[in-house]
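Residue strings, one per chain:
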Amino acid sequence: MRKSIIAAVGATAVFAVVGGSVAYASKSKTVSLSVDGQVQKVHTFGSTVADALKAEKIQVGEHDLVAPSPDSKLQEGQEIAVQYGRQLTVNADGTKKSFWTTADSVNEALADLGLRYDGAVFSTSRSAPIGREGLELTVRTPKTVQIVRAGKVVAVKSMAMTVGEALTGAKIPFDADDKLAPAATTALKPGVNKVTLVKVDVKNVTESQAIAFDKVETKSATLEEGETKTTTEGKAGAKSVKYVLTYFDGKLASKKLVTSTVVTKPVDELVTVGTKPKPEEPEAPAADDTPATGNTSAWDRIAECESGGNWSTNTGNGYYGGLQFSHQTWVAYGGDAYADNAHQASKAQQIAIAEKVRAARGGYGDWPVCGKRA
């Protein structure tokens, strides 16, 4: 505009030139514009802050900060500050949240947002700048992880984000077979986390086992009843058996049969069983336990004298039965084969022992008084 005025009026009066300068100055304003901390002097003909920003082709959005507000009247020497909004995404222990901030460094942004994260580890330095494109910040906070193994609890401090990372950091091995609660991919929470690990070991085992043989009986009329004849000896077979053994913390929890293969078939035992009736045996004559007796009438007379003829008498005088045997004499001549004492034996049995005593002594001398009646 100024060049146009000069071209139109040429080298006219100085007054005219001065008047033109005054008119230009009255419409132009010089302001100080700070954009994200970068300050520059700007000349503008606008009447509002928005006009000044538009003249400098500065566009602002809902997350940007302009001070004073865009509709504020523009004054000579005005200071205008523009802070662009930046998106800060915070991944804290696996939980993501997005924030808008006009702070241009991590420290300032966290302070403005009221996020402390004391003792935490960041994916970038706290003083790192936040560009217009924004920043994704990973934060790991300190946690206590209580690991339960085989009934024992071990507490460890960890900056891990997941259960699996905590176990790896604590140098505790685990694999896909193990029972882990919660799962390895579970995000740890600030504070105390409880993790239970059951070590699962799976083993394949092959065993050789015997197969019992059967006994097959065949009846035969050529053999008598009760007789048997083994025609083929039985032999046990063998089989190969595969199992899957599962151990929980070193203790056997299950044994599952996988396959069973016969290696050697068993051989049945063949036995012939007789069915021919046995011939009848002649009946044996009835046993006579009555011993032979000698001169019965003589022993009757002696008994009549010794015991009044009572063959079962026991008077308590140390002599027993009809012939009054002492226990010593009775046993010495085999009387205990019949009874413990003479009075418990029959008359014939007492006479049989008396005959042995008479034969050994050469007469009836053992009955010095009554023996005279024989």
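On a predicted model such as this, the values are computed, not experimentally measured, just so you know.

A.B. asks: What exactly am I supposed to notice about the nonpolar core here?
C.D. replies: Across soluble globular proteins, nonpolar side chains have a tendency to be buried as a group. If you look at the biggest cluster of nonpolar residues, it comprises 17 residues, and the most contacted ones within it are Trp-299, Ile-302, Leu-323, Phe-325, Trp-330, Ala-354 and Trp-367. Counting residues per element, the ones that place at least two in this core are helix 6 (296-307) and helix 8 (347-361). Looking at this core element by element, the count peaks at four residues for helix 8. Discounting residues that sit within four places of it in the chain, Phe-325 has contacts with Gly-318, Tyr-319, Tyr-320, Trp-330, Ala-342, Gln-350, Ile-353, Ala-354, Val-357 and Trp-367. The next biggest cluster of nonpolar side chains, apart from the first, holds 15 residues, and it includes Ala-109, Phe-122, Ala-128 and Leu-137.

A.B. asks: Can you help me understand the packing of helix 6 against helix 8 in this one?
C.D. replies: The axes of two packed helices give the description: the angle between them and the distance between them. Contact geometry for helix 6 and helix 8: axes closest at 11 Å, N-to-C directions at 95°. The angle between the axes of helix 6 and helix 8 places the two elements in the roughly perpendicular class. Together, Thr-296, Trp-299 and Asp-300 of helix 6 and Lys-347, Ile-351, Ala-354, Glu-355 and Arg-358 of helix 8 make up the contact between the two elements.

A.B. asks: Please explain the sheet that holds strand 14 (residues 215-224) as it appears in this structure.
C.D. replies: Across a sheet, paired strands are connected by hydrogen bonds in the backbone, their directions being either parallel or antiparallel. Across the sheet, three strands lie side by side as 14-18-15; this open sheet has mixed pairing. Edge positions in the sheet fall to strand 14 and strand 15 (228-232), since each has one partner strand and no second. Sheet twist, expressed as the mean angle between neighbouring strand axes with direction ignored, is 30°. Where strand 15 meets strand 18 (residues 269-276), four bridges bridge the pair, whose relative direction is antiparallel. Across the sheet, Lys-229 pairs through a bridge with Thr-272, a residue of strand 18.

A.B. asks: When you look at helix 8 in this model, what are you seeing that I'm missing?
C.D. replies: An ideal rise of 1.5 Å per residue puts 21 Å on 15 residues; helix 8 measures up with 21 Å between its terminal C-alpha atoms. Listed in full, the buried residues belonging to helix 8 are Ala-348, Gln-349, Gln-350, Ile-351, Ala-352, Ile-353, Ala-354, Glu-355 and Val-357. Of the residues flanking the end of helix 8, it is Gly-362, one or two places downstream, whose phi is positive at about 80°.

A.B. asks: Help me out: how do you make sense of the packing of aromatic side chains in this one?
C.D. replies: Remark: the centre distance and the inter-plane angle together describe each pair of aromatic rings, the angle taken between the planes. Going through the model one piece at a time under the given rule, you end up with five aromatic pairs. Ring pairs connect the aromatic residues Trp-299, Phe-325, Trp-330, Tyr-364 and Trp-367, which therefore count as one cluster. One Lys or Arg, Lys-203, reaches over the ring of Tyr-247 and ends 5.2 Å from the middle of that ring. One Lys or Arg, Lys-255, reaches over the ring of Tyr-243 and ends 4.3 Å from the middle of that ring.

A.B. asks: Please clarify how the sheet that holds strand 8 (residues 135-140) should be interpreted in this entry.
C.D. replies: Spatially, four strands are ordered 6-5-8-7 in an open sheet, and the strand pairing comes out mixed. The open sheet has two edge strands, strand 6 (95-101) and strand 7 (121-122), and neither has a second partner. As paired strands, strand 7 and strand 8 are joined by two bridges and run antiparallel to one another. When the bridges of strand 8 are listed, Phe-122 appears paired with Val-139. Sheet strands in contact with helix 4 (residues 106-113) are strand 5 (86-92), strand 6, strand 7 and strand 8, and its direction is about 95° off that of strand 6.

A.B. asks: What's the story with the pattern of salt bridges in this structure? I'm lost.
C.D. replies: Any two side chains of opposite charge can pair if their charged atoms end up close together. Counted by the stated rule, this structure contains 12 salt bridges. One salt bridge connects Arg-140 with Glu-165, and the closest N-O pair in it is separated by 3.2 Å. A residue pair is termed long-range when its members are at least 10 positions apart, and Arg-140 in strand 8 and Glu-165 in helix 5 (residues 163-169) qualify at 25 residues. Salt-bridge contacts for Glu-207 lead to Lys-255; the nearest nitrogen and oxygen are separated by 3.5 Å. Taken as a pair, Glu-207 in strand 13 (residues 200-211) and Lys-255 in strand 17 (residues 251-264) lie far apart in primary sequence, 48 residues in all. Looking at Glu-207, the relative accessible area reads 28%, which means it is partly exposed. Under the relative-accessibility criterion, Lys-255 is labelled partly exposed at 46%. Taken together, the salt bridges that share partners define one network made up of Asp-175, Asp-178 and Lys-199.

How each quantity is defined
- Residues numbered from 1 in each chain as written.
- Predicted model: local features only at pLDDT ≥ 70, side-chain atom pairs only at ≥ 80, totals over all residues.
- Heavy atoms only, no water.
- Core = buried A, V, L, I, M, F, W, Y, C linked by side-chain atoms within 4.5 Å.
- Buried < 20%, exposed > 50% of the residue type's maximum accessible area, 1.4 Å probe, protein only.
- Helix = DSSP H or I, 4+ residues; strand = E, 2+ residues; numbered from the N terminus.
- Contact = heavy atoms within 4.5 Å.
- Axes fitted to C-alpha atoms, helices over the stretch in contact; angles between N-to-C directions.
- Parallel < 35°, antiparallel > 145°, perpendicular 65-115°, else oblique.
- Pairing = 2+ DSSP bridges.
- Expected span 1.5 Å × (residues − 1).
- Phe/Tyr/Trp six-rings, centres within 6.5 Å; stacked < 30°, edge-to-face > 60°.
- Lys NZ or Arg CZ within 6 Å of the ring centre and 35° of its normal.
- Salt bridge = Lys/Arg side-chain N within 4 Å of Asp/Glu carboxyl O.

The values reported here are purely geometric and, on their own, carry no functional implication.
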